[in-house]
Amino acid sequence: MIVDDTPQNLELLEAMLGEQGYEVFALPDGKMALQAAVRDQPHLILLDILMPGMDGYEVCTRLKADPRLKEIPVIFLSALNEPWDKVRAFRVGGVDYIPKPFQLEEVAARVRTHVEMSRQQRALQASYEKLRELEDLRDSLVHMVVHDLRSPLASIRMVLGSLQDFLPPGDAGLAGMISAAEFSAISMSEMVTQLLDISRFEAGQMPLSRSAGDLAVQVRSAMETLGAQVEQRRLRFAPAETVVAHYDAGIILRVLGNLLGNAVKFTRRDGEISVELAREAGQARVTVADNGSGIPPEFQQKIFTKFGQIESRKRGLGTGLGLAFCKLAVEAHGGEIGIESVPGQGSRFWFTLPLGGAGRMKDEG
């Protein structure tokens, strides 16, 4: 689209661009241009500034204020050559500025460049929207399948638990196989719960029942849940002070369980895992440290994404759900989570929570 109140300019540009293979709309004023742009959106607008009624600045401002038209690139054509005129043109949303009198070759080159850039941007936006649709479809399918898995998994766990009562005395081998199957079923149930809770966090539908509490209580409870997983590894927790934070006890217990379980998984049997509590910058800070294999820098952000995982030669691949849950859970509390790790020297996972106080003891629901 060309918008210029000088007929000679319209005729010259229309003829030149028509020869270049463009379909051209030539209009003499801004009001007509806005109406035409709504009816048939152009891929590019060449816009004069000094026009009666509505000048080019106002035309561009209105274009950029309309969600349907704001992505159309605008090249200003004007005899105004003061620096301020050009600055204003870019401020209202122009992508280029060609002074008059113009050279046809220059106009053709700039039009070609911006039309191609616009085409690529539209293709990129279309690809992004398609990707979002596919991601939403994937999440919906995962949620549906995972939700339907809960009942059969519960039945499997119940049957496996009942089988223990019917085992022949002294059949340690069969008892071990049933225990292993039961452990696998429990692990699958936990994965199902994590997936459903991650979806609820992402949708902003995860209720939090927060109150002020001593974090040391949560740490000790999380350590107790590890049970036989610890094996010969050393667990160290000796808080130097009482740190009271404001949090959902059940959710933070699961966060600590995930971080401690992750530390156990990637720490050798004679290694050490420690938990530290501190107050820092008006926040409660919890750190879970180990002297395990460590995580390379290129993976340290990926591990907090859903299904993000890294490979361990000894342990294989994880689900990538635990740390994603931790991130969403901590951020829902208004905190942050991160990692400091050196390959071969271990990792320090940390997260922050709002400090608790007398005025925050009441359960928020």
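Structure report, in brief.

Analysis parameters
Residues numbered from 1 in each chain as written. Predicted model: local features only at pLDDT ≥ 70, side-chain atom pairs only at ≥ 80, totals over all residues. Heavy atoms only, no water. Pairing = 2+ DSSP bridges. Helix = DSSP H or I, 4+ residues; strand = E, 2+ residues; numbered from the N terminus. Axes fitted to C-alpha atoms, helices over the stretch in contact; angles between N-to-C directions. Contact = heavy atoms within 4.5 Å. Buried < 20%, exposed > 50% of the residue type's maximum accessible area, 1.4 Å probe, protein only. Polar contact = N/O pair within 3.5 Å; in protein donor to acceptor, adjacent residues only side chain to side chain. Salt bridge = Lys/Arg side-chain N within 4 Å of Asp/Glu carboxyl O.

### With respect to the sheet that holds strand 11 (residues 337-342)
Pairing in this open sheet of five strands is mixed, and the strands run 7-9-10-12-11 from one edge to the other. The outermost strands of the open sheet, each flanked by one partner alone, are strand 7 (234-236) and strand 11. In this sheet, neighbouring strand axes are inclined to one another by 15° on average, regardless of whether the strands run parallel or antiparallel. Bridging between strand 9 (residues 272-280) and strand 10 (residues 283-290) involves eight bridges; their strand directions are antiparallel. Looking across to strand 10, one finds that Ala-278 is bridged to Arg-285. Packing of helix 8 (residues 249-265) onto the sheet brings it into contact with strand 9, strand 10 and strand 12 (346-354), and relative to strand 12 it is tilted by some 175°.

### Observations regarding the environment of Asp-248
Positionally, Asp-248 belongs in strand 8 (residues 244-248). The class of Asp-248 is buried, set by a relative accessible area of 10%. Reaching out from Asp-248, the side chain makes a polar contact with the backbone nitrogen of Ile-251 at a distance of 3.1 Å.

### Observations regarding the pattern of salt bridges
Under the counting rule described, the total for this entry stands at 18 salt bridges. In this structure, Asp-96 and Arg-110 form a salt bridge, with 2.8 Å as the shortest nitrogen-oxygen distance. Taken together, the residues span a long stretch of sequence, with Asp-96 in strand 5 (residues 96-99) and Arg-110 in helix 5 (residues 104-163) at a distance of 14 residues. The exposure class of Asp-96 is buried, given its relative accessible area of 15%. On the accessibility criterion, Arg-110 (25% relative accessible area) is partly exposed. A single salt-bridge network, built from bridges that share partners, covers Glu-276, Glu-280, Arg-285, Glu-340 and Arg-348.

What is shown is where atoms sit, not what they do.
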